[in-house]
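Analysis of the macromolecular model
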Amino acid sequence: MWRRPLTALAVIGLVAAGCSGDDDGDSAGSGEGGGGSITLWTVYDTADRMATMQQVLADFTEQSGIDVELVGVSAPDLPQAMVSAAAAGDLPDIVVHGVELAAGWVDEGILDSAVASELVDELGTDTFNESALNLIRVEDAEGEYATVPSDGWGQMIFYRTDLFDAAGLEEPSSYDSVLAAAEALNGQDGISGFALGSTGGDGFTMQVFEHVALANDCQLVDDEGEVTLDTPECEEAIQFYVDLAQFAPAGAGDVDSTRANYLAGQTAMTSWSPHLLDELAGLFADTPLTCAECGADQQWLVDRTTILPLFEGPSGDQPTQFGLTINLGITSSADTEPAKELVRYLLGDGYMGFLSISPEGRFPMRTGPEAGDTSYVDGWSGLAVGSGQAQLSVGELYGDDAVQTITEGATGFERWGFPQGQGALVTAMYGDLELTNILRDALDGTLTPAEAAAQMDESATQLQSELG
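Residues numbered from 1 in each chain as written. Predicted model: local features only at pLDDT ≥ 70, side-chain atom pairs only at ≥ 80, totals over all residues. Heavy atoms only, no water.

Brief notes about the pairing of strand E5 (residues 156–160)
Looking along a regular strand, one sees the side chains alternate between the two faces of the sheet. The test is simple: Burial classes: relative accessible area under 20% of the type maximum marks a residue as buried, over 50% as exposed, and values in between as partly exposed (1.4 Å probe, protein chains only). Only runs of H or I of at least four residues qualify as helices and only runs of E of at least two qualify as strands under DSSP, and these elements are numbered from the N terminus. The criterion for strand pairing is that DSSP finds at least two bridges linking the strands in question.
Most of E5 sits out of view: five of its five residues are buried. Side chains Met156, Phe158 and Arg160 project from E5 onto one buried face, and the interleaved Ile157 and Tyr159 project onto a second face that is buried too. For E5 and strand E6 (residues 269–272), the ladder comprises four bridges, and the chain directions are antiparallel. Residue Met156 lies in a different strand from E6, and its bridge partner there is Trp272. Relative to strand E7 (residues 305–308), E5 is paired through four bridges, and the arrangement is antiparallel. Note on E7: the bridge partner recorded for Arg160 is Thr305.

Structure (structure tokens):
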């Protein structure tokens, strides 16, 4: 497990988009298909990320003769936007989406699993991360895979090494060590113990709670697909969450507030994705560092932070890492051949350009153009992180040991429901987010952890029955 501080070693120039230059047969052809026009929806919707993607698509158009209309849709808005587009008969051809939506969208007729499976087979199943493929397998559908994997990230605990060292605390790799550190450090110089997701009806809260639950072997379903949230392991996970929330900053705990508290130097720990890494190094202007010491030294906070990718509860079998993969979904109304050609390009010649949009949280789920080839992973480690003039490569920001740890971790992401073929249930749960409302009631003290576990079990069982 990697535990060294995140020290930025050197400032480098921007790595050119699409630097892989592979001539491997995976990229789009020379437009022999006759051109055409397709639409791509992406969750990377900020102005700078859209501009980078526009250049990637311009290169694709020049090579293929296929025009691509790019539409940015924020991740929280994407599920409803796709359902509305389907109802209106106006789906995009391709959508960039999280794995939790894949199986449900196949069931709803939004994604074409047959086309996705053809592409995965064509590109080579042995060129993809097996963990990513396992997360998108679907039952009772045409084709084995719901969508085509692109990249992913694993949830991590970020913590202030300087505060831990000064207090003589153990690294926060378990329930007990996290709680002990949160209690010991909370209130010191205005610092909170742990900034965690605590807002009801919120996707970030859902992700953090699933991370905590998996660490304690609290599973959504058993091997037969029966919901199992009303178990001692889940009650224990909820109790831990309630106990930890005592040491959280005041106010709502969501993706924005938890990040802001950490970047302000006002919390000792948080659970976040690697997308925090460029901001932690002062490399993303939209969310600047605000800690008092950071004005004079942009590296002050990153030099005092360590990340832990693995976490374990007292009932857990082994340390786990919650993971989320980003995928390229081809819709049921897509202009199929141009859409397939774009996916080939984005996972071939255009892969490095595509991944260069926020690469710190986008580890490639396709390792190379052929089995055993790691050129895409190698290329990812050199991509530029952040925006503006001062940028770092992923490899230099993370360090060689960290890159290796992230690489190994990406082969074993843990998630609720997917191994048991319950991906559609996961889609439904992330759609209604009722579990986070129940968790919020437990945090407010209106439910005991045992009552919350029973209500979560009832909610998930009802959703499952509605899915048939």
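And the narrative resumes.
Some details on the side chain of Ser257
In plain terms, the rule: Pairing of N or O atoms within 3.5 Å defines a polar contact, subject to two protein rules: one partner must be a possible hydrogen donor and the other a possible acceptor, and residues neighboring in sequence count only if both atoms are side-chain atoms.
Following the sequence through the fold, Ser257 ends up in helix H10 (residues 255–263). Here the side chain of Ser257 touches Ala252 through a polar contact of 2.8 Å, landing on its backbone oxygen.

Side note on the sheet that holds strand E4 (residues 148–154)
Spelled out, the test is: We call two residues in contact when some of their heavy atoms are within 4.5 Å. In this description, a line fitted to the C-alpha atoms serves as the axis of each element, helices being fitted only across the stretch in contact, and the angle between N-to-C directions of two axes falls anywhere from 0 to 180 degrees.
If you trace the six strands from one edge of the open sheet to the other, you get E2-E1-E3-E8-E4-E9, paired in mixed fashion. At either end of the open sheet lies a strand with only one pairing partner, and these are strand E2 (66–72) and strand E9 (363–364). For E4 and E9, the ladder comprises two bridges, and the chain directions are antiparallel. Its bridge partner being in E9, Gly152 is matched across the sheet by Phe363. The strands that helix H12 (residues 336–346) touches are strand E1 (36–42), E2, strand E3 (94–98), E4 and strand E8 (323–330); relative to E8, the one it contacts most, it runs at about 145 degrees.

Structural notes on the environment of Gln239
Relative to the assigned elements, Gln239 resides in helix H9 (residues 232–245). Spatially, the C-alpha atom of Gln239 lies 9.6 Å from that of Ala452, the residues being 213 residues apart in sequence.

Description of H10
Within H10 the residues assigned to the buried category are Ser257, Thr258, Arg259, Asn261, Tyr262 and Leu263. On its buried face, H10 is in contact with E5, helix H8 (203–215), E6, helix H11 (276–280) and E7. If you check the start of H10, you find a side-chain oxygen 3.1 Å away from the backbone N of Asp256, and it comes from Asp254. Gly265 sits one or two residues past H10 and shows a positive phi near 70 degrees.

Some thoughts on the sheet that holds E7
Pairing within the open sheet is antiparallel, and its three strands lie in the order E6-E5-E7. Looking at which strands have only one partner, the edges of the open sheet turn out to be E6 and E7. Neighbouring strand axes in the sheet, compared pairwise and without regard to direction, differ in orientation by 25 degrees on average.

Details of the pattern of salt bridges
Cut-off, in case you're wondering: Salt bridges are defined as contacts in which a side-chain nitrogen from Lys or Arg sits within 4 Å of a carboxyl oxygen from Asp or Glu.
Summed over all chains, the structure comprises ten salt bridges. Put simply, Lys340 and Glu118 hold a salt bridge, and the shortest N to O gap is 3.4 Å. Of this pair, Lys340 sits in helix H12 while Glu118 sits in helix H4 (residues 113–123); the two residues are 222 residues apart in sequence, bridging distant segments of the chain. For Lys340, a relative accessible area of 8% corresponds to the buried category. Of the charged contacts in the structure, one is a salt bridge between Glu144 and Arg137, with a shortest N-O distance of 2.7 Å.

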